[in-house]
Amino acid sequence: MPRATAIALESLAVAVLGFGLAIVANWLSPRGLSLTRDYFPVPTLATHPATGPAPAAGSPASAGPATRARLVAHGLQAISREEALTLHRDPRRAQGLVVFIDAREERAYQAGHIPGALQFDHYRPEERLPALLPLCLSAERVIVYCNGGECEDSEFAAVMLRDAGVPAANLFIYVGGISDWTAHSLPVETGPGEGFAPAAP
Amino acid sequence: MSAMTASPPTRAWALAAAVLRWSVGGVFIYLGLTKALHPVEFLKLVRQYEVVSQPPLLNLIASALPWFEVICGLLLVLGTAVRGTTLVMMVLMIAFTGLVVRRALALAAAGGIAFCDLRMDCGCGSGEVWVCGKVVENALLLVALGIILSAPTAFGLRPALFRGPRVAESRVERRDAKAAF
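Now for a look at the structure at hand. Since the model is a prediction, treat every value here as computed from it, not as a measurement.

This part covers the overall build of chain B. Tallying secondary structure elements over chain B gives six helices and two strands in all. Ordered by position from N to C terminus, the α and β elements of chain B give α-α-α-α-β-β-α-α. Counting over 181 residues, chain B shows a buried share of 39%. Considering only contacts in chain B between residues 6 or more positions apart, those separated by 24 or more positions represent 71%.

Between chain B and chain A, the residue contacts involve 41 residues of the former and 38 residues of the latter. Among the secondary structure elements, those contributing two or more residues to the side of chain B that touches chain A are α2 (39-48), α3 (57-78), α4 (82-111) and β1 (119-121) of chain B. When the residues that make up the side of chain B that touches chain A are grouped by side-chain class, the tally is 29 nonpolar, seven polar and five charged.

A separate point is the sheet that holds strand β5 (residues 171-174) of chain A. Residues and elements named next belong to chain A. Across the sheet, five strands lie side by side as β1-β5-β4-β2-β3; this open sheet has parallel pairing. Both edges of this open sheet fall to β1 (77-79) and β3 (118-119), since each of them pairs with a single strand only. Looking at chain direction, β1 and β5 are connected through three bridges and run parallel. The partner of I79 across the bridge, within β5, is Y174.

Proteins that are soluble and globular tend to have nonpolar side chains buried together. Ranked by size, the top nonpolar core spans 38 residues in total, and within it I101(A), V142(A), I143(A), V144(A), A157(A) and I173(A) carry the most contacts. Examining the composition of this core, we find that six residues originate from one element, helix α6 (residues 153-163) of chain A, more than from any other. The residues touching I143(A), leaving out its near neighbours within four places in the chain, are I79(A), A84(A), L87(A), F100(A), I101(A), F172(A) and Y174(A). Counting residues in each nonpolar core, the second largest holds 34 residues, with A14(B), F42(B), C72(B) and M89(B) among its members.

Our focus in this paragraph is the pairing of β5(A). Residue and element names in this part refer to chain A. Burial along β5 is two-sided: the face carrying L171 and I173 and the face carrying F172 and Y174 are both buried. Alignment of strand β4 (residues 141-145) against β5, held across three bridges, turns out to be parallel. Bridging across to β5, I143 finds its partner in F172.

Residues and elements named next belong to chain B. Packing of α2 against α3 leaves a shortest axis separation of 9 Å and a crossing angle of 125°. Put simply, α2 runs oblique to α3. Every pair of crossing elements has a handedness; the one defined by α2 and α3 is right-handed. Within the contact between the two elements, α2 uses P39, F42, L43, V46 and R47 and α3 uses L58, N59, I61, A62, S63 and P66. Grouping the constituent residues of the contact of α2 with α3 by class yields eight nonpolar, two polar and one charged.

On to the environment of I7(A). In this structure, I7(A) sits in helix α1 (residues 3-28). Linking I7(A) and G149(A), residues 142 residues apart in sequence, is a C-alpha distance of 48 Å. Sequence-distant contacts of I7(A), that is, excluding residues within four places in its chain, are made with R83(B), G84(B) and L87(B).

Rules used in this analysis
- Residues numbered from 1 in each chain as written.
- Chains lettered and ligands numbered in written order.
- Predicted model: local features only at pLDDT ≥ 70, side-chain atom pairs only at ≥ 80, totals over all residues.
- Helix = DSSP H or I, 4+ residues; strand = E, 2+ residues; numbered from the N terminus.
- Buried ≥ 20, exposed ≤ 12 C-beta atoms within 10 Å, placed from the backbone.
- Contact = placed C-beta atoms within 7 Å.
- Nonpolar A, V, L, I, M, F, W, Y, C, P; charged D, E, K, R; others polar.
- Pairing = 2+ DSSP bridges.
- Core = buried A, V, L, I, M, F, W, Y, C linked by C-beta atoms within 7 Å.
- Axes fitted to C-alpha atoms, helices over the stretch in contact; angles between N-to-C directions.
- Parallel < 35°, antiparallel > 145°, perpendicular 65-115°, else oblique.
- Left-handed = near helix turned anticlockwise from the far one by under 90°.

The following block contains the structure:
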C-alpha cells in the first residue's frame, strides 16, 4: 500500500473511531451533555461581537441597554443594584418571601455569592429544581443573577423558572450580577450556602 | 520500533521525536480533560463562535471534541496510529486556530483594542489567555506535530495501522530519518 494512502486511511480510521469513542465517553461521563436538549432556550443577541463590548475589554459589571432591551423582549424584568440591595435588606427575605437565585455553576457559586442566595445551575436543573421550585413558587419576589454584563445564565434560569410555573411578575433579573455586587464592596458569602437542602430522593 | 535498529544518529532522532510525541500527547490529554470535565462551560464557549448554535450538532461537537482530543493524546502517548493521529490533529489545530483568530479579531474590533491586547477564553482548555500567546502556542504545537509526522516512530505500540511488509516499512522509516537530518 502506498505510504500516503496508508496515512490517509489511518487518519480516517482515527477520525471515525475516535469520534465514536468520544461520544461513548460523553455518554458514560456523569457530567456528559445531552445531545438533544436545547441548553439555550432563549434566542440571544448578546454573543455577537457587534452588539456588545469584548468580554476582556473591560468590566462586565454594567449592563448595557442591549441587555435590558433583550430582557424586556423576553418578558423579564431588570433591576438595578440599588433595587437588588433594597430587596436583599427586605425583612421578607428572612420569611422566604424574597428569594435570591445564583444562576452560575457550583464552583463560581462557592467562590462567592450574594449572602443567602440559592444556587441554581439551569444546565443541570434535575439537581436543584425540585427543591428550589416550591421556594420560588411561594416567594413574592425572586431575584436571579449571574456574572453580570453579557452573561445570559440568569435569563435562562429565569425562563426555566417561569416555564415551571413561577409567575413572570415575580421574577427579576439583577443585570449587574455578582461582578457589580462585588465591585461595590457588598458582602458575599462563600462555600455551599445555607438554608437549602438538596432534592429529596 | 524499526528506527531503534538504525544508526546512532537516527536512533537519537527517533528518541527525541518520541519524547516530543509523549509531551504533545500529554498536552492534548490535559487540555481535553479540562474541557471534558466541565462540558457546560465548553458548550457555552463553542456556541459563542456562532458556527453552530443549535442542538443536536452544537451538543455533539461540544460533547465529543474534548474526549476526541483526549483519545488522540492517548494514541500519541501510546504510539498507536501515530501519523494518522498527527495528521488529524494538525487539520483540527489549523481549523480551530483560524476560528479563534476570527473571533478574536471581531472582539478586538468591537472593543476597540489591539489584537495582542485581547484576553479571552477561547475554549481551548487553558482558561482566559492572551490571544497572541495562544496563536504562538498553537503554531509551536503545529511544528511539533509536523516533526512527529516526519520522524521515525520509536517506542510505539503499533505505530502504523495499515502497512506493507515489515522490510518495506523499515526502509521508509530509515529514509525518513535520513531526510530529516
